[in-house]
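Observations on chain architecture
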Amino acid sequence: MSVSAVAADSSVCAPLAVLGRDVTVPLVTGGEVTYAALDYAASAPALQRVWDDVAAYAPYYGSVHRGAGYLSQLSTDLFENSRKTVAEFLDCREGDQVVFTRSTTDSLNLLAAALPADCQVFVFETEHHASLLPWRDARVTYLNAPRTPDEAVQTLERALADRDLYGPALVCVTGASNVTGELWPVRELAAAAHAHGARIVLDAAQLAPHHPVSVAELDVDWVAFSGHKLYAPFGSGVLAGRSDWLRAADPYLAGGGASRKVARRADGGVDVEWHDSAARHEAGSPNVIGVYSIASACKALTDAGFDELVAREQHLIRTVREGLAEVPQVRVLSLFGDDAPRVGVISFVVDGWNSSHFAAALSAEYGIGVRDGLFCAHPLVRTLLGSEPDEPGECGAPEAAPGEKSLNAIRVSFGAGTPDEHVERFVRAVKELVADGARWSYRTEDGRCVPDTGAAV
């Protein structure tokens, strides 16, 4: 079902149960309120089902792959079955590998370390730093931000047509922007890459929690995502896809688990035979609980049904976008325009407000958690704000004081666990802050805007 089709469906499911849904926080104006977690794009709360699954397994925790005891054997089965679950969730092809990592950043750095010699990399300036920066040992071509999906494909085709005729090449692209939430034309970009003899890796950190991701259907060579954005706890990630470059590369980390055989040589050195499987890049004792939590989240999202989850999220997106559209002082950031399909990630600026000040007031006066800054996507946000590349502004650490102009934006993001009341409270708070101003005084401390203690306006 397409995004537009599910958006037209008036029936929406209830939010999935997540940890922290009943947590209350104090307000500077007095009293407490249930916390509205609207920073899913940074880290989504863990699903209650995932937490329950992990708690049920915890007493049986044991080392994997090398233990003879019952708990070790059970943990090994759980670890490897989790690999199969993730492969099914991603609709991987026969022969694809699922490598467990720490995060999307770790996954893409692993792939960067596995690139063949003299590989050319093509990446849009619109990428999150996790996919913009790992390619330090390759020849990198940075592509300007496109203003339509068609322009994105055309820009890539021109760049690939001008590349060296021979030698390996890789395209790195996001599935959904962590700044605008807009969906990228992944399948078309993959077709363009393959037509010019290049491979493509999909950064699905913002896509996988919101939409089904099929490696086979999208025809991407690799996909990377993080557990902590997929409603699992911190510390686990996935790189899945073609095995040949991974098998040919030196292990990402050298150590136990990655090696099949180690022997001393007559000259005193050491000969090592490395694994050809995913274990080649999983040296050390793995994060079994993190891996299991990802698999649990994959099952939970699949069981809930992405059609229903997407329909509900589109309902929340409409609530936020229509509410913000009623405030003339608010400018929503976008590459592809208002009609572009998107996930629940919306960034904006407010005329007359420092973004850090606005975000601090949402938190302190309304119990709403959002993100302000450049969202670890500095080139993209600078482009959207029309700023010069050298203007000041830091990821999550604006230096401007309340009321001063700053090169930063505000991001609200939500997902499968977000109640209607949270986004409705957010829209109401934006309107009240713009109309009436903050009810409290704020100051800058350690680069952050914080409320003055006991200093009401």
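What comes next concerns the included structure. (Residues numbered from 1 in each chain as written. Predicted model: local features only at pLDDT ≥ 70, side-chain atom pairs only at ≥ 80, totals over all residues. Heavy atoms only, no water.)

Let us look at the pairing of strand β8 (residues 199-203). Counting buried positions along β8 yields 5 of 5 residues, so the element is predominantly enclosed. The alternating pattern of β8 places R199, V201 and D203 on one face and I200 and L202 on the opposite face, and all of these are buried. Direction of pairing for strand β7 (residues 169-174) relative to β8: parallel, over a ladder of 5 bridges. Each bridged residue has a counterpart across the sheet, and for V171 the counterpart in β8 is I200. Each parallel crossover has a hand, and the one from β7 via helix α7 (residues 186-195) to β8 is right-handed. (Buried < 20%, exposed > 50% of the residue type's maximum accessible area, 1.4 Å probe, protein only. Helix = DSSP H or I, 4+ residues; strand = E, 2+ residues; numbered from the N terminus. Pairing = 2+ DSSP bridges. Right-handed = clockwise from strand over helix to strand, strands pointing away.)

A word on the sheet that holds strand β17 (residues 409-413). One open sheet accounts for 4 strands, arranged β13-β14-β17-β16; its pairing is antiparallel. The open sheet has two edge strands with one neighbour each: β13 (330-332) and β16 (371-373). For this sheet, the mean angle separating the axes of adjacent strands, direction not counted, is 30°. Pairing analysis gives 3 bridges linking β13 to strand β14 (residues 345-350), with the strands arranged antiparallel. (Axes fitted to C-alpha atoms, helices over the stretch in contact; angles between N-to-C directions.)

Despite not being glycine, D91 has its phi angle at roughly 55°, a positive value. If you trace the backbone, D91 turns up in the loop between α3 (70-89) and β4 (97-101). The partly exposed category is assigned to D91, whose relative accessible area is 39%. Positive phi values are uncommon outside glycine, yet D118 reaches one of about 65°. Looking at where D118 falls in the secondary structure, it is placed in the loop between α4 (104-113) and β5 (120-124). With relative accessibility at 54%, the residue D118 sits in the exposed group.

So, on to a nonpolar patch on the surface. Residues Y60, Y70 and L71 make up a contiguous nonpolar surface patch of about 340 Å² in total accessible area. Tracing the backbone shows Y70 in helix α3. Accessibility expressed as a relative area gives 62% for Y70, which makes it exposed. (Patch = residues over 30% accessible without salt bridge, like charges linked within 9 Å, V, L, I, M, F, W, Y side chains within 5 Å. Areas by Shrake-Rupley, 256 points an atom, 1.4 Å probe, with all protein chains shown as cover. Salt bridge = Lys/Arg side-chain N within 4 Å of Asp/Glu carboxyl O.)

Spatially, 7 strands are ordered β4-β10-β9-β8-β7-β5-β6 in an open sheet, and the strand pairing comes out mixed. Each edge of the open sheet is held by one strand with a lone partner, namely β4 and β6 (139-143). Put simply, the sheet's adjacent strands are angled 20° from each other on average, direction ignored. In terms of strand pairing, β8 meets strand β9 (residues 222-226) through 3 bridges, oriented parallel. Directly across from D203, in β9, lies its bridge partner A224. Where α4 meets the sheet, it contacts β4, β7, β8, β9 and β10 (237-241), and its direction lies at approximately 150° from that of β9. (Contact = heavy atoms within 4.5 Å.)

The next point concerns the packing of helix α2 (residues 48-57) against helix α10 (residues 288-304). For the pair α2 and α10, interaxial distance at closest approach is 9 Å and the crossing angle is 140°. Compared by their axis directions, α2 and α10 come out oblique. Judged by the twist between their axes, the crossing of α2 over α10 is right-handed. Residue-level contacts link R49, V50, D53, V54 and Y57 of α2 to V288, I289, Y292, S293, S296, A297, K299, A300 and D303 of α10. Looking at the contact of α2 with α10 residue by residue, the classes come out as 8 nonpolar, 2 polar and 4 charged. (Parallel < 35°, antiparallel > 145°, perpendicular 65-115°, else oblique. Left-handed = near helix turned anticlockwise from the far one by under 90°. Nonpolar A, V, L, I, M, F, W, Y, C, P; charged D, E, K, R; others polar.)

Among the residues of α7, those classed as buried are V186, L189, A190, A192 and A193. Taken down its axis, α7 places every buried residue within 160° of arc, on the same side. At its buried positions, α7 is contacted by β5, α6 (149-161), β7, β8 and α8 (215-218). G197 sits one or two residues past α7 and shows a positive phi near 75°. (Arc of directions from axis to C-beta.)

In this section: α2. Listing the buried residues of α2 in full gives V50, V54 and Y57. With its buried residues spanning 65° around the axis, α2 presents them on a single face. Of the surrounding secondary structure, the elements contacted by the buried residues of α2 are α3 and α10.

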